[in-house]
Amino acid sequence: MSERYAVIGHPIAHSQSPLIHGLFARATGQDMCYEAIDGGAEPGGFARALAAFRASGGQGVNVTLPFKLDALAAADEASDDALLAGAANALRFDGARVQAQNFDGIGLVRDLEHNLCLPLAGRRVLLLGAGGAARGALLPLARAGAGRIVIANRTAAKARALVRDLAVHLPPACTLDGGGLDELRQGDAFDVVINATSASLGHDAPTVSASAFAAGALAYDMVYGKGLTPFLKQAQAAGCTRLADGAGMLVEQAAEAFAWWRGVRPDTRAVLARLAVPLI
Ligand code: ATR
């Protein structure tokens, strides 16, 4: 019988994960099936959905909003990335034990470096937002060699708290600062500006001055499938010509989970080509 995997979220109907993992399974010849499960809005919904899926023979799950914190709480053991992000996006059932990983950050790094051909070594990175998405991205960006990371958030105190929490885990070659969006120094320019806020979901964008985009900078919005978001339009108006959304991050984190579950790493190019929505 096929081994079973799933993504649990709420809402979940829009999820591309069943399509992505179905394509990976076909391309790698893996006998598995992958479904979408709605954990519902009631308290305890995630734990119930997870228990039911395990009881029915499931082998592992991806976890998406709003359950990434619950996923970590459900785990018996967790990777450093999951522990430091305080959230998990992939679980694997090893007998009675639940193992947790967070592949969002590594998915972002792989997208930047492999798909968008932007090696991070020595780069200046502006990370907008201080919620779960920014937290998960910070250490993988630093580990990939970013020379300087600045976290800018609407609520300055949250950016400062994130710096306080994670600074000790940074490689020595990476400098880290954090504060309010309005505290960015005039003339401070970045090679990569990443929108890790949830503003695009509300058709809004954190305001960043045009001078924050260095010549040749890449503007990256973690949301996907929404075309030119207000953040990407803002970057374009600032003269930025390298624009990307989070489709590649989504596919790359899925490939990491697939490899962790199945022991074989799928090629992501064909899947990314199928999922990418033109940024027009
Ligand atoms: P996620 O897990 O997606 O990161 P989150 O933890 O709720 O979600 O964090 C959302 C982030 O987007 C926060 O950094 C939030 O800023 P605040 O800390 O000031 O709330 C940011 N955000 C949401 N809407 C925004 C907007 N319209 N403009 C700027 N930042 C916004």
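A brief structural summary. (Residues numbered from 1 in each chain as written. Predicted model: local features only at pLDDT ≥ 70, side-chain atom pairs only at ≥ 80, totals over all residues. Heavy atoms only, no water.)

### Some thoughts on the nonpolar core
Ranked by internal contacts, the top residues of the largest apolar core, which has 32 residues, are L141 and I194. A total of six residues in this core trace back to one element, the largest contributor, which is helix α6 (residues 132–143). With near-sequence residues (within four places) excluded, L141 lies in contact with L108, V109, L112, L120, V125, L127, A146, I149 and I194. In terms of nonpolar packing, the next biggest core, distinct from the first, is built from 23 residues, Y5, V7, A25 and Y34 among them. (Core = buried A, V, L, I, M, F, W, Y, C linked by side-chain atoms within 4.5 Å. Buried < 20%, exposed > 50% of the residue type's maximum accessible area, 1.4 Å probe, protein only. Helix = DSSP H or I, 4+ residues; strand = E, 2+ residues; numbered from the N terminus. Contact = heavy atoms within 4.5 Å.)

### Some remarks on the packing of aromatic side chains
Summed over the entire model, instances satisfying the criterion amount to five aromatic pairs. Judged by centre distance (5.5 Å) and plane angle (70 degrees), the ring pair of F24 and F258 falls under edge-to-face. Taken together, the residues F24 in helix α1 (residues 17–28) and F258 in helix α9 (residues 247–262) connect sequence positions 234 residues apart. Through a chain of ring-to-ring contacts, the aromatic side chains of Y5, Y34 and W261 assemble into a single cluster. A cation over a ring is seen here: R54 above F93, with NZ or CZ 5.0 Å from the ring centre. (Phe/Tyr/Trp six-rings, centres within 6.5 Å; stacked < 30°, edge-to-face > 60°. Lys NZ or Arg CZ within 6 Å of the ring centre and 35° of its normal.)

### Considering the packing of helix α5 (residues 104–115) against α6
Between α5 and α6, whose axes approach to 7 Å, the crossing angle comes to 50 degrees. Taken together, the axes of α5 and α6 lie oblique to each other. The two elements α5 and α6 meet at a crossing, and its hand is right-handed. Together, G105, I106, L108, V109 and L112 of α5 and G136, A137, P140 and L141 of α6 make up the contact between the two elements. For the contact of α5 with α6, the residue count by class is seven nonpolar, two polar and no charged. (Axes fitted to C-alpha atoms, helices over the stretch in contact; angles between N-to-C directions. Parallel < 35°, antiparallel > 145°, perpendicular 65-115°, else oblique. Left-handed = near helix turned anticlockwise from the far one by under 90°. Nonpolar A, V, L, I, M, F, W, Y, C, P; charged D, E, K, R; others polar.)

### Topic: the environment of R54
Considering the arrangement of structural elements, one finds R54 in helix α2 (residues 45–55). Classification of R54 as partly exposed rests on a relative accessible area of 29%. Residues R54 and A41, spaced 13 residues apart in sequence, show a C-alpha to C-alpha distance of 20 Å. Leaving out residues up to four positions away in the same chain, R54 has contacts with F93, G95, A96, R97 and V98.

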